Amino acid sequence: SRRLALRSPDDEAGVPVGSSSRDRQLEGPIATEHTDRSSSRRTDRAVLATLSAELDRATRAHGGAVVGHDDEPDLLLALDPADPAPAEPAEPAGYRLLRAAGRVTVTADHPTSLLHGWFHVVRLGAVAFDGPDTDEHHAPVSALRMLDHWDNVDVHPVMGQVERGYAGGSIFYDAGHVRADLSRVTTYARLLAAVGIDRVAINNVNVAAREARLLTDDLPEVARIAAALRPYGVRTHLSVSFASPVTLGGLPTSDPLDPAVRTWWRDAADVVWRAVPDFGGFVVKADSEGQPGPFAHGRDHADGANMLAEAVAPHGGLVHWRAFVYNHTQDWRDRTTDRARAAHDHFAPLDGRFAGNVVVQVKHGPVDFQVREPVSPVLAAMPRTRVALELQVTQEYTGQQRHAVYLGPAWSEILRWQPWGDAAGPDDAPDGGAPVTVADLASGRGPGGQGGGIAAVSNVGDDRFWTGHPLAQANLYAFGRLAWDPALDPPAVLDEWIDLTFPGAPAELRAAVHAILDESWHTYELYTAPLGIGFMVRPGHHYGPDVDGYEYTPWGTYHFADRDGIGVDRTRATGTGYTGQYPAPWREVYESLDSCPDELLLFFHHVPYTHVLHSGKTVVQHVYDTHFEGVERVERMVERWEDVAGLVPDDVARRVSDRLTEQRRSAVEWRDQVTTYFWRKSGIPDEQGRTIY
Ligand code: GCW
């Protein structure tokens, strides 16, 4: 029963809290000049009210009392705006946690940072008070941490309401409208604040006619969503259609260099910020998979992005411009076009041309969120651009929330990857400074210093467990925590999630959840497409095995298996030249069969089935062994859960059991199709004589 208190400058002076140094840092000089202070005060007041409600709620749940800040509280949350605020602080703001003689003070200069500090204390629980005296500063490594929803207002005939959504319908929309009751959105914002996410894009990047109108006719409804997110310091972004000037504005063109088009977007942005003063900005998928873009007007992506950037700049807004651009109408007979090359071919030459409030958002791999891909070379190719890393929390290609797949370890590997090996940048020797990681690039600590942050596609829907599979909540949690601090250890993050989700979890439950999830990403990799080749999924919905499903399609995701071998030759010597998009040492490491890591072998090389891996196994024997092992591991996951299911609420237990049953069925299906395919293609029997069909 602890005594909790909140202190803000309002208490003393009765004046609203001023705009924060953090906002200025996020948006650079443009925002400093123009940010409307009253809009940020509105957010600040909303978040302070939330903090005060959080303290009440905590004392109601756990005892104790909310007291005045002068009454010697055990925990004091103190808003302490820097005065005067530094023009350009070097680090994104976080909070300071001071513990002296069992009393804790959390101080921040921005209400949202203070809220994040509060949730840090919640996460620590009693330990927050019991530890030794300390004075710590916690700041997110990256200033921009965002979730993208691929939600449609209407139910799309093929994609459903949430494109690649596996957790029911949208939390924002129902029956063609923004929901009347948005209380769940506020609860969602609370979950996000608890893991440090503070920006959400609320509609699909594939913007259909109905959804395009969120920008105009539906603004009052968007404002309601923003109001539901605001109390937890989460800012709203919209995906917009590049063709809006024509489709919504009735103009004859959407040419980004046309003055009338520029005026249309400026006016549109003005109206948006009038409706939502703390609006975050626009997300754009242009010239990709049928979405309109600048190409139709003979312009490039920088022309398109900069035109929107100019429109949102007066409001301190951002444009997240996606680099997921490739030809999806390829001819499989054409061996020269390589989808993996596309993002780099399109974007690297534009480095230096994007405005300061454009973030170029790059998928983590060159193809499409596969269980295993090399890290995209685009992330290291644009030092003069704010580049963001895009991850996929929704499990489109990793089991669609029917399979338990904890992605924390995968993201951790990506975030820690070093594009220049042991060197700190393109021109540095290996001992010329600390090696730069992907996390450094995304947070502005790499060459050029232009971080665009970290974004991910959300896995949340209106499902009663939020994420379909209750264990998939761990992915949402881990994304937020790793975006805040990419150095965190994924199993430790999982422990945090277990503590918060199953309070007082007995040791057996904790051990079982670890046994099920810790290695689950590798397990999924074992029983699906081998050695970095990717896809092999059923076309369209992307669930379950279909080895040749995409082999003769226009989408450009091929494996080229024949009776002798498999893999895509992406070398400079004899293939598509994709390896040349990497800096040293990777351009050489991937180029050579000898040094290419096994797990990516078939991404980079076409080899005979008898090729011997570094592991000592042939490719075909590796395929057999991994697929049998994958299924055995899933069987152990099922058993582990049955042992502990009685320790969690019945509905959770049942849902997890049902999903694990499906995972086992699906893993067997994958195993049998993939092993049979390779046996039939190669005619090489399994050394262990197991059943192959
Ligand atoms: O992964 C693919 C998905 C599409 C998605 C696209 C993208 C929103 O299959 O459904 O469209 O990527 O990222 O734009």
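Residues numbered from 1 in each chain as written. Predicted model: local features only at pLDDT ≥ 70, side-chain atom pairs only at ≥ 80, totals over all residues. Heavy atoms only, no water.

A. Structural view of the packing of aromatic side chains. With the rule as written, the count across this model stands at 30 aromatic pairs. When the centroid spacing of 6.2 Å and the interplanar angle of 85° are considered together, the rings of Trp-411 and Phe-479 count as edge-to-face. In this pair, Trp-411 sits in helix H13 (residues 408-416) while Phe-479 sits in helix H15 (residues 473-484), placing the two residues 68 residues apart along the sequence. Judged by relative accessible area, which is 3%, Trp-411 ranks as buried. What links up through ring pairs into an aromatic cluster is the set Trp-417, Tyr-578, Tyr-582, Trp-586, Tyr-590, Phe-603 and Phe-604. Positioned above the aromatic ring of Tyr-326 is the side chain of Arg-339, whose terminal nitrogen or guanidinium carbon lies 3.8 Å from the ring centre. Over the ring of Phe-603 we find Arg-570, and its NZ or CZ is 4.2 Å from the ring centre. (Phe/Tyr/Trp six-rings, centres within 6.5 Å; stacked < 30°, edge-to-face > 60°. Helix = DSSP H or I, 4+ residues; strand = E, 2+ residues; numbered from the N terminus. Buried < 20%, exposed > 50% of the residue type's maximum accessible area, 1.4 Å probe, protein only. Lys NZ or Arg CZ within 6 Å of the ring centre and 35° of its normal.)

B. A look at the pattern of salt bridges. Counted according to the given criterion, the structure contains 44 salt bridges. Here Glu-221 and Arg-224 are joined by a salt bridge, their closest N and O atoms 2.9 Å apart. Taken as a pair, Glu-221 and Arg-224 lie in helix H8 (residues 219-229) at a separation of 3 residues, close to a single helical turn. For Asp-345, the salt bridge goes to Arg-341, with nearest N and O atoms at 3.0 Å. Each of Arg-372, Glu-413, Glu-525 and Glu-599 takes part in one network of salt bridges that share partners. (Salt bridge = Lys/Arg side-chain N within 4 Å of Asp/Glu carboxyl O.)

C. The pairing of strand S14 (residues 281-284), seen in detail. With 3 bridges joining them, strand S13 (residues 235-239) and S14 adopt parallel strand pairing. Residue pairing across strands places Ser-239 opposite Val-283, the latter belonging to S14. Judged from the 4 bridges that link them, S14 and strand S15 (residues 318-322) form a sheet pairing that is parallel. Within S15, the position partnered with Val-283 by the bridge is His-320. (Pairing = 2+ DSSP bridges.)

D. A look at the pairing of strand S17 (residues 386-392). Within S17, 7 of the 7 residues are buried, leaving the element largely enclosed by the surrounding structure. Side chains Arg-386, Ala-388, Glu-390 and Gln-392 project from S17 onto one buried face, and the interleaved Val-387, Leu-389 and Leu-391 project onto a second face that is buried too. Summarising the sheet, strand S16 (residues 358-363) and S17 pair through 5 bridges and their orientation is parallel. Residue pairing across strands places Val-360 opposite Val-387, the latter belonging to S17.

E. Main features of the sheet that holds strand S18 (residues 451-457). Judged by pairing direction, the barrel is parallel, and its 8 strands sit side by side in the order S7-S12-S13-S14-S15-S16-S17-S18 before closing back on the first. Going from strand to strand, the sheet's axes swing by 25° on average, the running direction of each strand aside. Relative to S13, strand S12 (residues 199-201) runs parallel, the two being bridged by 3 bridges. Across the sheet, the residue bridging to Arg-199 is Arg-235, located in S13. Packing against the sheet, helix H11 (residues 301-312) makes contact with S14, S15 and S16, and its axis sits at approximately 160° to S15. Of the strands in this sheet, strand S7 (145-148), S17 and S18 touch H15, which is tilted by about 150° from S7. (Axes fitted to C-alpha atoms, helices over the stretch in contact; angles between N-to-C directions. Contact = heavy atoms within 4.5 Å.)

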